Amino acid sequence: MGPPVLLIHGLFMAGDAWFMNSASESLGFILAEQGFDVWVGNVRGTRWSHGHVSLSVKNKEFWDWSWEELALYDLAEMIRYVNSITKAKILVVGHSQGTIMSLAAFTKPDIVEMVKAAALLCPISYLDHITTNFVLRLVKMRLDEIILGLGIHQLNFKSYMGTQIMDMMCEGHIHCDIWLSAITGKNCCFNDSRIDFYLEYEPQPSSSKNLHHLFQMIRKGNFAMYDYGMWRNLMHYKQPEPPEFDISQIPTSLPLWMGYGGNDALADVIDVQHTLKKLKPKPDLLYIEEYGHIDFLLSIRAKEDVYDDMIMFFNSVQKISSFK
């Protein structure tokens, strides 16, 4: 069995996203065929992760988390589990929210020491230059605060109301593609022949608190823990502002690979450059001018455009480590 690889999905997705494209273009299948030991993460809130020792999805406490908990607890525990079973350091692959989680987790020495290398698709640690007008309007409307104020803790587009909204927005493939582009940026190579298949599984639920945390990042331009407000921050963090995740603490010994696109309205090129300036490790970079946010996961040319380069990076890391 080859080296273990842990795949971490993005917002409103689950681990099945890595298998949604055709078999020849889906990273999960490609890695398995090339001999990697593939592990697939599903963060809390997804339909695959609704089990709990005491809480039901109907309890508001079940949804009391953001990507901060996903990074410091969920991802950390996934890495520990794979490490304990395989007795090997892990290769981590994240997309979108999966990169936010990874970069935050890698600032913690006890987590990063179990990671051999990481590949980040559409890497995000800063969000203050996103160009999607649709999301920016929601941020300006303070929709996240309205949702929390109404006592809505779960964001589920597969609920009755959510399904009606999705049906209206995705009536016919062309409308769904336009709606997706409005959020993520224009995707040059999205495999829209499989939209009906995607919609059987996606979008997955997330928490309202998670959306609020992401919108905080857009408003403030920082990469920090959840902001509870000054007084609750003082109780929670012993300081008026939430602590920032200092990605300069990620060790230079961690090999990184990053793929990003010129048409990505969420992982904007300016924000990616900000991330790169903060990092001490110098990642291997793949920049594709015409790619949008979803192309890196669901392009009809994903293997040749993206994954071949990523796997070459992983193989080079394996060769280097075998000589040590």
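Now for a look at the structure at hand. (Residues numbered from 1 in each chain as written. Predicted model: local features only at pLDDT ≥ 70, side-chain atom pairs only at ≥ 80, totals over all residues. Heavy atoms only, no water.)

### A short note on the packing of aromatic side chains
Phase 1: Inspection of the entire model under this criterion finds 16 aromatic pairs.
Phase 2: Ring centres 5.1 Å apart and planes at 65 degrees place the aromatic pair Phe-62 and Trp-63 in the edge-to-face group.
Phase 3: Look at Trp-63 and you get buried, because its relative accessible area is 3%.
Phase 4: Here the aromatic rings of Tyr-260 and Tyr-287 are separated by 5.0 Å at their centres, their planes lie at 50 degrees, and the arrangement is tilted. Of this pair, Tyr-260 sits in strand β7 (residues 256-261) while Tyr-287 is found in strand β8 (residues 284-288), placing the two residues 27 residues apart along the sequence.
Phase 5: Overall, the relative accessible area of 7% leaves Tyr-260 in the buried class.
Phase 6: The class of Tyr-287 is partly exposed, set by a relative accessible area of 37%.
Phase 7: Members of the aromatic cluster, each reached through a chain of ring pairs, are Trp-67, Tyr-126, Phe-223 and Phe-245.
Phase 8: One cation-aromatic arrangement involves Lys-209 over Tyr-226; the distance from NZ or CZ to the ring centre is 4.7 Å. (Phe/Tyr/Trp six-rings, centres within 6.5 Å; stacked < 30°, edge-to-face > 60°. Buried < 20%, exposed > 50% of the residue type's maximum accessible area, 1.4 Å probe, protein only. Helix = DSSP H or I, 4+ residues; strand = E, 2+ residues; numbered from the N terminus. Lys NZ or Arg CZ within 6 Å of the ring centre and 35° of its normal.)

### Things to note about the sheet that holds strand β2 (residues 37-40)
Phase 1: Taken together, the 6 strands give an open sheet; going across it, the order is β2-β1-β3-β4-β7-β8, and neighbouring strands pair in parallel fashion. Edge positions in the open sheet fall to β2 and β8, since each of these has one partner strand only. When the angles between neighbouring strand axes are averaged without regard to direction, this sheet yields 15 degrees.
Phase 2: Against the sheet, helix α2 (residues 67-86) makes contact with β1 (4-8), β2, β3 (90-95) and β4 (115-121), and its axis sits at roughly 160 degrees relative to β1, the strand it touches most.
Phase 3: Each of β7 and β8 is contacted by helix α12 (residues 269-278), which is oriented at about 165 degrees to β7, the strand it contacts most. (Pairing = 2+ DSSP bridges. Axes fitted to C-alpha atoms, helices over the stretch in contact; angles between N-to-C directions. Contact = heavy atoms within 4.5 Å.)

### Examining α2
Phase 1: Over its 20 residues, α2 runs 26 Å from end to end, which matches the ideal 28 Å to within 8%, given 1.5 Å per residue.
Phase 2: In α2, a bend of some 25 degrees at Leu-75 exceeds every other bend along the element.
Phase 3: By the burial criterion, the buried members of α2 are Trp-67, Glu-68, Glu-69, Leu-70, Ala-71, Leu-72, Asp-74, Leu-75, Ala-76, Met-78, Ile-79 and Val-82. (Expected span 1.5 Å × (residues − 1). Bend = angle between axes of the 7 residues up to and from the residue.)

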